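Summary of structural features
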Amino acid sequence: MLYVLLSSSTKLPIYNATDFNAELVDTSVQGSLEKHTIANFHLINQNNEIVTQENYRNKIYVADFFFTRCPTICPIMANNMKKLQDEFLNEEDVMLLSMSVTPVLDSVPVLKKYSKRHSAIDTKWHITTGNKKQIYNLARKSFFAAVDQGDGGFQDFIHTPNFILIDKKKRIRGVYDGSNTNHLTQLTTDIKTLQGETP
């Protein structure tokens, strides 16, 4: 598992497929020498609005994968996302993106209740559902967040604590354990480092 813990004085690396443990990278992407960026997506948020890359244009954002019925790490991760939301509340260039790994169960009304429970600000933190195959492809081929291989079918299931830091050019700049306080502190520092980078 790749977790990034750097000092604040270090320029954040740009991660491509070959920088990750092979088990985190979909077999179709393993060994790719191309410069990696997050693929386009089409999701639905807690307000039944379409969310795409356009919502994150020229934004730094943190992405994670969750499900509303998760009794273990997801509540911790949601609380930590809320802490990030509060820390960067007035920073327009920082946003959050949560994607459900059980999108059939996590309908828009369910997500709305979940977002209220965690005090998500609609314009800051999109909590989304959508096509399962697309979400699982994003997890495996774009965000490199899933250890196991799969096809996004009925029996396929992803459960990961990863927070993935994406820069304004749709590149991965760090991976953190979203349930770990020390990692959250480092992520906060690294977001501020990205904010100081020249475009």
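As a reminder, the structure under discussion sits directly above these lines.
Attention in this report is confined to the structure presented alongside it. (Residues numbered from 1 in each chain as written. Predicted model: local features only at pLDDT ≥ 70, side-chain atom pairs only at ≥ 80, totals over all residues. Heavy atoms only, no water.)

Turning our eyes to something else, we now look at the pattern of salt bridges. For the structure on display, the rule yields 10 salt bridges. The salt bridge involving Asp93 is made with Lys168; its shortest N-O contact spans 3.4 Å. Pair noted here: Asp93 is in the loop between α1 (73-87) and β4 (94-100) and Lys168 is in the loop between β6 (162-166) and β7 (172-177), with a separation of 75 residues, a long-range link. Of the charged contacts in the structure, one is a salt bridge between Asp167 and Arg171, with a shortest N-O distance of 2.8 Å. Of the two residues, Asp167 and Arg171, both sit in the buried class. One network of salt bridges, in which partners are shared, links Lys11, Asp167, Arg171, Arg173 and Glu197. (Salt bridge = Lys/Arg side-chain N within 4 Å of Asp/Glu carboxyl O. Helix = DSSP H or I, 4+ residues; strand = E, 2+ residues; numbered from the N terminus. Buried < 20%, exposed > 50% of the residue type's maximum accessible area, 1.4 Å probe, protein only.)

This part covers empty space enclosed by the protein. The tally for this structure, following the rule as stated, stands at 1 cavity of 30 Å³ or more. Each pocket or cavity is described by its volume, and for the largest cavity that value is around 40 Å³. What lines the largest cavity is simply Asp64, Phe66, Cys74, Met77, Ala78, Ser98, Tyr114, Trp125 and Ile127. The set of elements that each furnish at least two residues to the lining of the largest cavity consists of β3 (60-66), α1 and β5 (125-128). Looking at the lining of the largest cavity, the element that brings in the most residues is α1, giving 3 residues. (1 Å grid on protein atoms, 1.4 Å probe; cavity = no way out; pocket = protein on both sides within 12 Å on 5 of 7 lines; lining within 4 Å. Points joined across faces, edges and corners; volume = space filled by probe spheres on them.)

In this section: the packing of aromatic side chains. Following the criterion strictly, the structure yields 4 aromatic pairs and no others. Seen from their ring centres, Phe65 and Phe143 are 5.7 Å apart, and the 70° between their planes marks the pair as edge-to-face. Taken together, the positions of Phe65 in strand β3 and Phe143 in the loop between α3 (132-142) and β6 put the pair 78 residues apart, joining distant regions of the chain. Here Phe65 matches Phe143 in class, with each residue buried. Measuring from ring centre to ring centre gives 5.0 Å for Phe66 and Tyr114, while their planes differ by 25°; the resulting arrangement is stacked. Of this pair, Phe66 sits in strand β3 while Tyr114 is found in helix α2 (residues 108-117), placing the two residues 48 residues apart along the sequence. Judged by its relative accessible area of 2%, Phe66 is buried. Here a set of aromatic residues connected by ring pairs shows up, and it is made of Phe41, Tyr56 and Tyr61. A cation over a ring is seen here: Lys132 above Tyr136, with NZ or CZ 5.1 Å from the ring centre. (Phe/Tyr/Trp six-rings, centres within 6.5 Å; stacked < 30°, edge-to-face > 60°. Lys NZ or Arg CZ within 6 Å of the ring centre and 35° of its normal.)

Attention shifts here to unusual backbone geometry. Most peptide bonds adopt trans geometry, and most residues besides glycine take a negative phi value. Phi is positive for Asn48, close to 65°, though the residue is something other than glycine. Counting through the fold element by element, Asn48 comes out in the loop between β1 (42-44) and β2 (50-52). The exposed category is assigned to Asn48, whose relative accessible area is 56%. Within the chain, Asn58 stands out as a residue other than glycine whose phi angle is a positive 55°. Among the secondary structure elements, Asn58 is positioned in the loop between β2 and β3.

Moving on, we get to the sheet that holds β7. Ordered by their spatial adjacency, 5 strands build an open sheet running β5-β4-β3-β6-β7, and the pairing between neighbours is mixed. Looking at strand neighbours, the two that pair on one side only are β5 and β7, the edges of this open sheet. Neighbour-to-neighbour, the strand axes of the sheet open up by a mean angle of 20°, direction not taken into account. Sheet topology note: the β4/β5 ladder contains 4 bridges and is parallel. Counted as the bridge partner of Met99 is Thr128 from β5. Sitting on the sheet, α1 is in contact with β3, β4, β5 and β6, with an inclination near 165° to β3. (Pairing = 2+ DSSP bridges. Axes fitted to C-alpha atoms, helices over the stretch in contact; angles between N-to-C directions. Contact = heavy atoms within 4.5 Å.)

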